[in-house]
Amino acid sequence: DFEASGLGPDGYPIQVAWSDAEGAVTECWLIEPAQGWAVEEGWEPAAERVHGIPLDTVREHGRPAVWIAARMNEQLADQTVYVDGGACDLVWCRQLFAAAGLEQRFGIGDYWDLLLEILPPSRTRQPGWQYALQDAAWKRVRSSFGGRRHHADTDVRYLVELYRIALGRGAR
């Protein structure tokens, strides 16, 4: 999962997290604004209100794009990583790797397509099926981990719990 400075054309990634194949969140990093990114222009106060991460925090505690991209390649190489942010997550990942000057060594798949593959049509044809699953997943995350929505690590935990619910597995 990525968090970003904003959804506008100058937006850029500010945080990324991922899990291992078993669903444990293995890494979560703030991303230092890279040279060439429109740092001030791309920072949207509305986005900051959503994720709650100030630009000063990103600047002070962010890791360089090359370091993060290398870690992602090291841990995710030859795998498909599923994201729920569609085109936005793809753009932010590409921005990160372009700033790092590295080739991405993993694929990105659509999280909702993955869920549709494992859920029976009898369930997905029910009105509101997505909202019911999402609500149950957020309840599990809040009770097990706490955290804040729209922080990359919390959002990854939510996606893992949503997947477990879809598979019919209990919380872990």
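Cut-off values and rules
Residues numbered from 1 in each chain as written. Predicted model: local features only at pLDDT ≥ 70, side-chain atom pairs only at ≥ 80, totals over all residues. Heavy atoms only, no water. Pairing = 2+ DSSP bridges. Helix = DSSP H or I, 4+ residues; strand = E, 2+ residues; numbered from the N terminus. Phe/Tyr/Trp six-rings, centres within 6.5 Å; stacked < 30°, edge-to-face > 60°. Buried < 20%, exposed > 50% of the residue type's maximum accessible area, 1.4 Å probe, protein only. Lys NZ or Arg CZ within 6 Å of the ring centre and 35° of its normal. Core = buried A, V, L, I, M, F, W, Y, C linked by side-chain atoms within 4.5 Å. Contact = heavy atoms within 4.5 Å. Right-handed = clockwise from strand over helix to strand, strands pointing away.

(A) Spotlight on the pairing of strand β3 (residues 25-30). Sheet topology note: the strand β2 (residues 13-19)/β3 ladder contains 5 bridges and is antiparallel. Among the inter-strand pairings, alanine 17 is bridged to a residue of β3, identified as cysteine 28. The hairpin turn running from β2 into β3, its antiparallel successor, is 5 residues long, and glycine 23 in that turn takes a positive phi close to 100°.

(B) Highlighting the packing of aromatic side chains. Going through the model one piece at a time under the given rule, you end up with 6 aromatic pairs. Considering the side-chain rings of tryptophan 112 and tryptophan 129, the 6.5 Å spacing of their centres and the 75° angle between planes classify their relative orientation as edge-to-face. Linking tryptophan 112 in helix α6 (residues 111-118) with tryptophan 129 in helix α8 (residues 129-144), this pair joins segments that are 17 residues apart in sequence. Overall, the relative accessible area of 17% leaves tryptophan 112 in the buried class. By way of ring pairs, the aromatic residues Tyr111, Trp112 and Trp129 are connected into one cluster. When the ring centre of tryptophan 67 is taken as reference, the NZ or CZ atom of arginine 63 above it lies at 4.1 Å.

(C) A look at the nonpolar core. In this structure, Phe2, Met72 and Leu96 are the most contacted members of the largest nonpolar core, which totals 27 residues. Only β1 (2-4), β2, α3 (55-61), α4 (65-76) and α5 (86-100) provide two or more residues apiece to this core. For phenylalanine 2, the contacting residues outside a window of four places in its chain are Pro13, Gln15, Val16, Ile31, Met72, Asp89, Trp92, Cys93 and Leu96. Ranked by size, the runner-up nonpolar core spans 14 residues in total, among them Leu115, Ala137, Trp138 and Leu159.

(D) Quick peek at the pairing of strand β4 (residues 80-83). Every second residue of β4 is oriented toward a common face, the buried set being Val81 and Val83 and the non-buried set Thr80 and Tyr82. Both β4 and strand β5 (residues 107-110) contribute to a ladder of 4 bridges, which runs parallel. Following the sheet pairing, threonine 80 is matched in β5 by glycine 107. The parallel pair β4 and β5 is bridged by α5, and the resulting crossover is right-handed.

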